[in-house]
Amino acid sequence: MTQTAEYEIVLDLDASREQVYAAWTTPHRFARWFGPRIFTTPADRVVMDVRPGGAWQAVLVGDEGFEVTLEGVYREVDGPGRLVFTTGDPDHPGDGPASVVTLTLEEGEGGTTMRFHQFGVNTDQEHAHQARAGWLEFFERLAEHLAVQATSSKVSSRP
């Protein structure tokens, strides 16, 4: 029997909706925050064909050359407000976990509310709990990246 699990993470980020969307859809920006802190994600190892049916892939590199490849397909692209993409192949997951992520970005006063919803196939609640914890670490890095971007923008826009 196929197991399913889902969860949602809602964060308020101190950046415009366009900046958050760019961090999700631009390889060199995505590489700065995607993955746990023990890995690097080289920008030249990130592929993003951001259109419905387009593929994404990111290679995370750890100590001594250990690599993990994460990949999927974009199902919906409605920037800068919404992205829907897969990790793995939820339509044909085989024995491994696969999921569909729905990301919505809502601009508010002084920032953006990011809603991240993940529905997993071949995923039990324990795996979903671990995945959620992993994404929370990724999103800490995303917030840090956006803060650096904001500081860089302020410095470069000074007369």
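Residues numbered from 1 in each chain as written. Predicted model: local features only at pLDDT ≥ 70, side-chain atom pairs only at ≥ 80, totals over all residues. Heavy atoms only, no water.

Enquirer: Which parts of the structure should I look at to understand the overall build of the protein chain?
Expert: The number of helices and strands found in the protein chain is three helices and seven strands. What you see in the protein chain, going N to C, is helices and strands ordered as β-α-α-β-β-β-β-β-β-α. The C-alpha atoms of the protein chain give 16 Å as radius of gyration, which agrees with the globular expectation for 159 residues (15 Å, within 12%). Along the first, second and third principal axes, the C-alpha set of the protein chain runs to 60 × 40 × 30 Å. Expressed as a percentage of its 159 residues, the buried residues of the protein chain come to 39%. Accessible surface for the protein chain amounts to roughly 8800 Å². Of this, 50% is attributable to carbon and sulfur atoms. Of the charged side chains in the protein chain, 13 are positive and 24 negative; the average position of the first set lies 8 Å away from that of the second. (Helix = DSSP H or I, 4+ residues; strand = E, 2+ residues; numbered from the N terminus. Rg over C-alpha atoms; globule rule 2.2 N^0.38 Å. Buried < 20%, exposed > 50% of the residue type's maximum accessible area, 1.4 Å probe, protein only. Areas by Shrake-Rupley, 256 points an atom, 1.4 Å probe, with all protein chains shown as cover. Lys, Arg positive; Asp, Glu negative; His and termini not counted. Charge placed at Lys NZ, Arg CZ, Asp CG, Glu CD.)

Enquirer: Is there a simple way to think about the pairing of strand β3 (residues 55-61) in this case?
Expert: Every other side chain in a regular strand lies on the same face of the sheet, so the side chains alternate between the two faces. With respect to burial, β3 is a largely interior element, five of its seven residues being buried. Inspection of the sheet shows strand β2 (residues 46-48) paired to β3 by three bridges, in the antiparallel sense. Bridge pairing in β3 links Val47 to Gln57. Hairpin connection from β2 to β3: six residues lie between these consecutive antiparallel strands, with Gly53 at a positive phi of about 90°. Linkage of β3 to strand β4 (residues 67-78), two consecutive antiparallel strands, is achieved through a turn of five residues, within which Glu64 is found at a positive phi near 55°. (Pairing = 2+ DSSP bridges.)

Enquirer: Would you mind going over unusual backbone geometry with me for this structure?
Expert: Glycine aside, a negative phi is what most residues show, and trans is what most peptide bonds show. With an omega of 5°, the peptide bond running from Gly79 to Pro80 counts as cis. Located in the positive-phi region is Glu64, a residue other than glycine, with phi close to 55°. With respect to the secondary-structure elements, Glu64 resides in the loop between β3 and β4. When its relative accessible area of 87% is taken as the criterion, Glu64 is described as exposed. At Asn122, a residue that is not glycine, the phi angle is positive and equals roughly 60°. Inspection of the secondary structure puts Asn122 in the loop between β7 (111-121) and α3 (125-156).

Enquirer: Sorry if this is basic, but what is going on with the packing of aromatic side chains here?
Expert: Two aromatic rings are characterised by how far apart their centres lie and by the angle between their planes. Scanning all chains against the criterion turns up 22 aromatic pairs. Centroid distance Phe30 to Trp33: 5.3 Å. Interplanar angle 75°. Geometry classified as edge-to-face. A residue is classified by how much of its surface remains accessible, and Phe30, at 3% relative accessible area, is buried. Summarising the aromatic geometry, the rings of Phe39 and Phe66 are spaced 6.1 Å apart at their centres and angled 40° between planes, so their arrangement reads as tilted. Separated by 27 residues along the polypeptide, Phe39 in the loop between α2 (27-30) and β2 and Phe66 in the loop between β3 and β4 bring together distant segments of the chain. Overall, Phe39 belongs to the buried group, its relative accessible area being 13%. Within the aromatic cluster, the residues linked to one another by ring pairs are Tyr7, Trp24, Phe30, Trp33, Phe34, Trp56, Tyr74, Phe85, Phe116, Trp135, Phe138 and Phe139. (Phe/Tyr/Trp six-rings, centres within 6.5 Å; stacked < 30°, edge-to-face > 60°.)

Enquirer: Honestly, the layout of surface pockets in this entry has me stumped. Any pointers?
Expert: To locate leftover empty space, one rolls a probe as large as a water molecule over the atoms. A volume near 490 Å³ is recorded for the largest pocket. Lining the largest pocket we find 23 residues, and of these Leu70, Thr87, Gln118, His127 and Ala131 sit closest to its centre. Among the elements of the structure, β1 (4-13), β4, β6 (98-108), β7 and α3 are those that each provide at least two residues to the lining of the largest pocket. Per-element tally for the lining of the largest pocket: the top contributor is α3, with seven residues. (1 Å grid on protein atoms, 1.4 Å probe; cavity = no way out; pocket = protein on both sides within 12 Å on 5 of 7 lines; lining within 4 Å. Points joined across faces, edges and corners; volume = space filled by probe spheres on them.)

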